[in-house]
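Spelled out from the first residue to the last, the chains are:
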Amino acid sequence: MTANTASKNKEKAVGKSRATNARPGADNVHGVTLVEAINLALRRALSDDPDVVVLGEDIGINGGVFRATLGLREAFGYKRVIDTPLAEALIAGISVGMASQGMRPVAEIQFMGFINATVEQMLCHAGRLRNRTRGRLSCPMVLRAPFGGGIHAPEHHSESTEAMFAHMPGLRVVIPSSPTRAYGLLLSAIRNPDPVVFLEPKRIYRMVRQQVVDDGQGLPLDTCFTLREGTDLTLVSWGAMVHETLLAAKQLEEIGVAAEVIDVATISPLDMDTIRRSVEKTGRCVVIQEAPRSFGVGSEISARIAEEALLYLRAPVQRVAGYDTPMPYPGNESLYMPSVADIVDAATATLENA
Amino acid sequence: MFDVLDQTPGKLGFIDAHGKLVNELPDGVSIDWLQQSYQHMVRIRQLDKKAVALQRTGQMHTYPSCLGQEAIGTGIGMAMQDADVLVPYYRDQATQVLRGVSMQQILQVWGGDERGNLFEGAAVKDFPNCVPIGTQMSHAAGIAAAMKSRGVKQAVVANCGDGATSRGDVYEALNLVGVWQLPMVAVINNNQWAISVPRGLQTATATLAEKALAVGIDSIQIDGNDVVAVFQAVRNALTRARSGKGGTLIEAVSYRLSDHTTADDATRYREASEVSQAWEYDPVKRLQTYLHELGQWTPAQEQSLLAEVKQSIDKAVADYLNTAPQAADDFMAYVFAAMPQPLQAQRERLLARLERDNAAGGNCDDS
Ligand SMILES: Cc1ncc(C[n+]2csc(CCOP(=O)(O)OP(=O)(O)O)c2C)c(N)n1
């Protein structure tokens, strides 16, 4: 992934940009990693808006187990950067409460495997507070969690359950796939008046460095980013899998295939316009996800293509995905995760259809 | 300063931090029993050390050390009967080995191989260790409910950490133990830290044992570095549980002498002086001192124990490292009792993918 990604939807600012003093963030001279970009965005949000608080397990003195909150407590103090007791349902629940009073809690769940206790709060409350109070109360909270496999973490640490939240009305589900998008999307998520589940692909937390301009500019939510233009087929992905997808596009290029690559970024609500326009142009589509194959975001995208662009298709939409099994213990995790070759295979199979 | 429970009057303890006997040893605790317990604690400490070394040399994945907590696991294991059921969390290596889980299996689990959960013998109905915090406590309550409903004289031991007590799951399970008078013994391994969060930021109560007051069950706070105290408390609680008198919450006060896991760096949040002070309460050393002063443990015995332990651990490590990998489709084989057709189709997809990768020189190994 490179910083100057060709983008139809230019990564333009939507957030309010307030003049602030440059703050020493991560070392940005040589670029920052995705997790450092998260840290920069949190710093920026905390200093821009006194209503922003960051909370979660081990996020204070320890700076988070992945160091996403490194140094924030020193910079902003205990009241803004809060270590909570070990209780995820509580973390989500108090965030709903704080948000209803005009604060902007940004809560961290240590690993997405432990987000399940928040489901009741997110489904029954965060996602519908505005609706059930006819707009009287709102819930401008962000629930952040690292997700996905590939780092040899113990059991329950490597699942991709993004579809679970995407299926919940009233929530936005946002997934960055690069440092610049992590920075811009997180700022917009924090400034968004509704609850956002912000999922961070931990496998690529430290995979690449990019120059991130810490200018407080957000990136638009609810829109896909076209990372690479092409005419022969459309590859749609999000999160860490964008990395394999771009590599696959490169390999396809070597055999003369021009693949368009779309990073969905906000998986819910889904920007179907960008995907549909691309499929109308290319006539072929492969959706790549690390999550189990069935009933996921890829299934939704495929269904929407069938509804909205079927007559443009020259081949059935393919899904490259994990399996409908629990993520194996780390010894076998690479068997589970889609590879570049899987994407290339699916793409060539698609192209073989007349 | 951390919580230290060193035979405060009214609390349960037998051998203090200096290896001195402060209360008469309970029934059943003979010299032989003490020697066995000591040997087991040494075995587990060495296994633990080896596991950390394996992780550091890239031969194992993240591992949660039980350094400093050997007395809790050993005391529990010594008190349980075969027919009881253990519902462990991830720091219960000492109890699991006493229940018949092999050291190789302990390594396998943390080496990322599900076959480490193929327990036999006494452990055959035990749960695998639980990674999501506190969620296992309700399973234990359910197991206890099954035992009670079947009228069998068995009990469950379920363990969790101090941080786990902040979760609703733990409270909900204990509440049911009280309401339904379930034969469950819940042991809180109070090692005083939940990763970087000290006990004092986790809960405002003076003890964790007193959480039992809110749910109407018995409880006791004990010295978790005294293997005799752990044994005695758990044995009493199990006897009560098996005879229909309901559950007990035991808070075993100890200290996590290691990093939280091999992925953690405790120096970021914890004073070195605190840790070195905590070493003075070392459960292994105190028992050694006590036995030594009784003339029941000599340097020669220590030497031969270490040699024997080294040999058995080396064998476990060799077996672990030499185990043939699981079949590639193993992770699909146990999802359902019978593989449904759609999963069968995915299995074929996986096998085709492997064939392709093998033909291309193989790119699937990640261990
Ligand atoms: C539900 C859940 N949340 C977070 C985690 C990550 N995590 C693993 S261990 C741990 C601390 C647990 O502390 P404690 O219960 O005191 O047990 P200890 O590890 O200290 O023995 C945390 C936060 C987890 N495993 N499960």
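Throughout, residues of each chain are indexed from 1 in the direction in which the sequence is written. All chains are assigned letters beginning with A, and all ligands numbers beginning with 1, in the order in which they are written. For this predicted model, a pLDDT threshold of at least 70 governs which residues receive local features, and a threshold of 80 or more governs which side-chain atom pairs are given and counted, while totals over whole chains, interfaces and linings are taken from all residues. Side-chain numbers come from the whole structure's heavy atoms, not from hydrogens or water.

Another point: the interface of chain B and chain A. Residue contacts are counted whenever heavy atoms from the two residues lie within 4.5 Å of one another. With 43 residues of chain B at the interface, the matching set in chain A holds 43 residues. The junction of chain B with chain A conceals about 3,500 Å² of combined surface from both sides, 54% of it contributed by carbon and sulfur atoms. Salt bridges, as used here, are contacts in which a Lys or Arg side-chain nitrogen is within 4 Å of a carboxyl oxygen on Asp or Glu. Applying the counting rule to chain B against chain A returns 4 salt bridges. Of the charged contacts in the structure, one is a salt bridge between Asp342(A) and Arg356(B), with a shortest N-O distance of 2.6 Å. N or O atoms within 3.5 Å of each other form a polar contact, as long as, within protein, one can give a hydrogen and the other can take it, and as long as residues adjacent in sequence are counted only when both atoms are side-chain atoms. For the pair chain B and chain A, the number of links is 15 residue pairs in polar contact (both at pLDDT 80 or more). Of all the secondary structure elements, the ones that give two or more residues to the side of chain B that touches chain A are α4 (103–110), α7 (199–202), α12 (330–333) and α13 (341–359) of chain B. Helix and strand labels come from DSSP, where a helix needs a run of H or I of at least four residues and a strand needs a run of E of at least two; each type is numbered from the N terminus. Top contributing element to the side of chain B that touches chain A by residue count: α13(B), with 8 residues. Any residue outside Ala, Val, Leu, Ile, Met, Phe, Trp, Tyr, Cys, Pro, Asp, Glu, Lys and Arg is labelled polar, Gly included; the first ten of those are nonpolar and the last four are charged. Taken together, the residues of the side of chain B that touches chain A break down into 20 nonpolar, 12 polar and 11 charged. Buried area adds together the accessible area that both of two parts lose upon being put together, with accessible area traced by a 1.4 Å probe.

Residues and elements named next belong to chain A. Should DSSP find at least two bridges between two strands, the strands are taken to pair. If you trace the 7 strands from one edge of the open sheet to the other, you get β2-β1-β3-β4-β6-β5-β10, paired in mixed fashion. Each end of this open sheet is capped by a strand with a single partner; those strands are β2 (81–83) and β10 (266–268). This sheet shows a mean twist of 25° between the axes of neighbouring strands, independent of strand direction. Taken together, the 3 bridges between strand β3 (residues 104–108) and strand β4 (residues 142–147) define a ladder with parallel strand orientation. By the bridge assignment, Val 106 is partnered in β4 with Val 142. With axes taken as lines fitted to C-alpha atoms, and helix axes fitted only over the stretch in contact, angles between N-to-C directions fall between 0 and 180 degrees.

When the parts of a complex come together, some accessible area is lost, and that lost area is often used as the size of the interface. For chain B, the assigned domains are domain 1 (2–322) and domain 2 (330–362). The C-alpha centroid of domain 2 of chain B is placed 39 Å from the C-alpha centroid of domain 1 of chain B. Residue ranges assigned to the domains are those given by an automatic or database domain assignment.

Below, the discussion takes up the pattern of salt bridges. All names here are of chain A. Under the counting rule described, the total for this entry stands at 36 salt bridges over all chains. Measuring nitrogen to oxygen at the nearest pair gives 2.5 Å for the salt bridge that ties Arg 144 to Glu 200. Here the residue Arg 144 occupies a position in strand β4, and Glu 200 occupies one in strand β6 (residues 196–201), the gap between them amounting to 56 residues. Considered together, Arg 144 and Glu 200 belong to a single accessibility category, that of buried residues. Each residue gets one of three labels from its accessible area relative to the maximum for its type: buried under 20%, exposed over 50%, partly exposed in between, using a 1.4 Å probe on protein chains only.

The next thing to look at is the UniProt feature "domain: Dehydrogenase E1 component" (unreviewed entry) in chain B. Here, UniProt's "domain: Dehydrogenase E1 component" (unreviewed entry) annotation points to residues 39–319 of chain B. Here residues 39–319 of chain B runs as 46% helix and 11% strand, with 22 Å between its end C-alpha atoms. UniProt positions are given in the numbering used here, feature names are shortened, and annotations may be inferred rather than shown by experiment.

Either a parallel or an antiparallel arrangement is found when strands of a sheet pair, and the pairing is made through backbone hydrogen bonds. All names here are of chain A. The strand order across the open sheet formed by 5 strands is β7-β9-β8-β11-β12, and the pairing between neighbours is mixed. Across the chains shown, the open sheet's two edge strands, defined by having one partner strand only, are β7 (225–228) and β12 (318–320). Here the strands of the sheet are splayed against their neighbours by 25° on average, with no regard to which way each runs. With 3 bridges connecting them, strand β8 (residues 233–237) and strand β11 (residues 285–288) associate as parallel partners. Bridging across to β11, Val 236 finds its partner in Val 287.

With that out of the way, let us pick up the packing of helix α1 (residues 34–48) of chain A against helix α7 (residues 179–191) of chain A. All names here are of chain A. In contact at an axis separation of 8 Å, α1 and α7 are set at 30° when each is read in the N-to-C sense. By the criterion of interaxial angle, the relationship of α1 to α7 is roughly parallel. As α1 runs across α7, the sense of the crossing is right-handed. Every residue of α7 that contacts α1 at Leu 34, Ala 37, Ile 38, Leu 40, Ala 41, Leu 42, Arg 44, Ala 45 and Asp 48 is listed here: Pro 179, Ala 182, Tyr 183, Leu 186, Leu 187, Ile 190 and Arg 191. Broken down by class, the residue content of the contact of α1 with α7 amounts to 13 nonpolar, no polar and 3 charged. An angle below 35 degrees is read as roughly parallel, one above 145 as roughly antiparallel, one from 65 to 115 as roughly perpendicular, and any other as oblique. Less than a right angle of anticlockwise turn of the near helix away from the far helix marks a crossing as left-handed, whereas a clockwise turn marks it as right-handed.

Note on aromatic pairs: the rings of Phe, Tyr and Trp (six-membered ring only in Trp) are paired at centre separations within 6.5 Å, and the planes decide the class, stacked below 30 degrees, edge-to-face beyond 60, tilted for the rest. With the rule as written, the count across this model stands at 11 aromatic pairs over all chains. Their ring planes at 55° and their centres at 4.6 Å tell us that Trp33(B) and Phe231(B) sit as a pair that is tilted. A residue pair is termed long-range when its members are at least 10 positions apart, and Trp33(B) in helix α1 (residues 31–56) and Phe231(B) in helix α8 (residues 227–242) qualify at 198 residues. In this structure, Trp33(B) and Phe231(B) share a single accessibility class: buried. One aromatic cluster is present, formed by Phe66(A), Phe111(A), Phe114(A) and Tyr205(A) through successive ring pairs. Comment: the charge-over-ring label is applied if NZ (Lys) or CZ (Arg) is within 6 Å of the ring centre and within 35 degrees of the ring normal. Lying over the aromatic face of Phe225(A), Arg181(A) brings its terminal NZ or CZ to 5.9 Å of the ring centre.

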